[in-house]
Amino acid sequence: MSALGWGHRYLLCPPKHFGVLYEINPWMHEGVVVDVDAARGQWEALHRTLLDAGAEIETIDQPDGVPDLVFTANAGLLDATTRRFVPSHFRHPERQPETEVFATWFADRGWDVDRLPDDVDQEGAGDALPFDGVLVSGHRPRSDAAAGNHLSELLHVPVRSVELVDERLYHLDLTFCPLDDRRAMCAPLGWDADGRDMIESLVPEPLWLEDDEALAFCANSVVVGSLVVMPSCPPRVGRILESWGFDVAVCPVDEFLKAGGGCRCLTLALDVTFAP
Ligand code: ARG
């Protein structure tokens, strides 16, 4: 068993203009007020926890009018070796203006920006995570099934697709969290039968999340070496992670859960590579 080869460099976005201003997933309710100071404090605590774990962090400035840009996981996909960035193509018009903000950030730092076709939706690392040499790609609520082949070509990586069937778990990163090269937290609640079979054959030692654990966003965790940074950690999950040698840090991000996002959603790993 060896640790993930990525997860030591992240892009985060300080919540300057965060709020719940529209409803594009079942967790969002327009009447809900975000406590801006609390959101800022929760974000700072997550930022500090990642730094203390040894991660390097870069930040992007949030323009007004794109409240969900704090969820940098949805920026796009990348390969750090070739410095190629594939910006997301968002399903909902509310998030579409984010694409150019992220594309510009990467282009300004010397990354090659390669686009998906205009008619293919794909929401970045929120819907695609590397595991042991393949890219696991989720589709239906936000990303199109067709995105898989395009990602495979653009990033030169084999892709395995999983259909997301529960609207509450509308992104792959709410159902799947790679821990090392053999283990991952897995929420079968989110997948159809083929998807469950695929994950079962891909992941030698899955930590199967129970439905209430999945709906508490346990899989939406950030893994920095042997530290698992979680929005919440039920005792059963904590015991298993610790028996496997992981430490757990809980970073409550309740203000962001009002928009349907947890710890992983607030981060984009900048050191993912598919080069052999
Ligand atoms: N409100 C955002 C949306 O619905 C939340 C994004 C969560 N991001 C994630 N990677 N799961 O798009």
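Keep in mind that this is a model prediction, so the values were computed, not measured.

Chemist: Sorry, what's going on with the site of the ligand here?
Modeler: Around the ligand there are 16 residues in total, and R95, R142, D173, A259 and C265 lie nearest to it. With the chains in place, 100% of the 350 Å² that the ligand exposes on its own is no longer accessible. In the shell around the ligand, the residues fall into seven nonpolar, five polar and four charged.

Chemist: What am I meant to see in the sheet that holds strand β15 (residues 268-269) here?
Modeler: Working definition: the strands of a sheet are paired by backbone hydrogen bonds and lie parallel or antiparallel to each other. The three strands are arranged β2-β1-β15 in an open sheet whose pairing can be described as mixed. Taken across any chain shown, the strands that pair with only one partner, and hence form the sheet edges, are β2 (56-59) and β15. In this structure, strand β1 (residues 9-12) lies alongside β15, joined through two bridges in antiparallel fashion. Pairing of L11 across the sheet is with L268, part of β15. Packing against the sheet, helix α1 (residues 36-52) makes contact with β1 and β2, and its axis sits at approximately 145° to β2. Contacts from helix α2 (residues 98-108) reach β1, β2 and β15, with the element oriented near 135° to β1.

Chemist: For this particular structure, what's the right way to read the environment of V157?
Modeler: Mapping V157 onto the fold places it in the loop between α3 (147-155) and β8 (159-163). Take V157: its relative accessible area is 3%, and that puts it in the buried class. In this structure, V157 is in contact with G133, V134, L135, L151, S152 and F274, ignoring residues within four places of it in sequence.

Reading guide: rules and limits
Residues numbered from 1 in each chain as written. Predicted model: local features only at pLDDT ≥ 70, side-chain atom pairs only at ≥ 80, totals over all residues. Heavy atoms only, no water. Near = heavy atom within 4 Å. Areas by Shrake-Rupley, 256 points an atom, 1.4 Å probe, with all protein chains shown as cover. Nonpolar A, V, L, I, M, F, W, Y, C, P; charged D, E, K, R; others polar. Pairing = 2+ DSSP bridges. Helix = DSSP H or I, 4+ residues; strand = E, 2+ residues; numbered from the N terminus. Contact = heavy atoms within 4.5 Å. Axes fitted to C-alpha atoms, helices over the stretch in contact; angles between N-to-C directions. Buried < 20%, exposed > 50% of the residue type's maximum accessible area, 1.4 Å probe, protein only.

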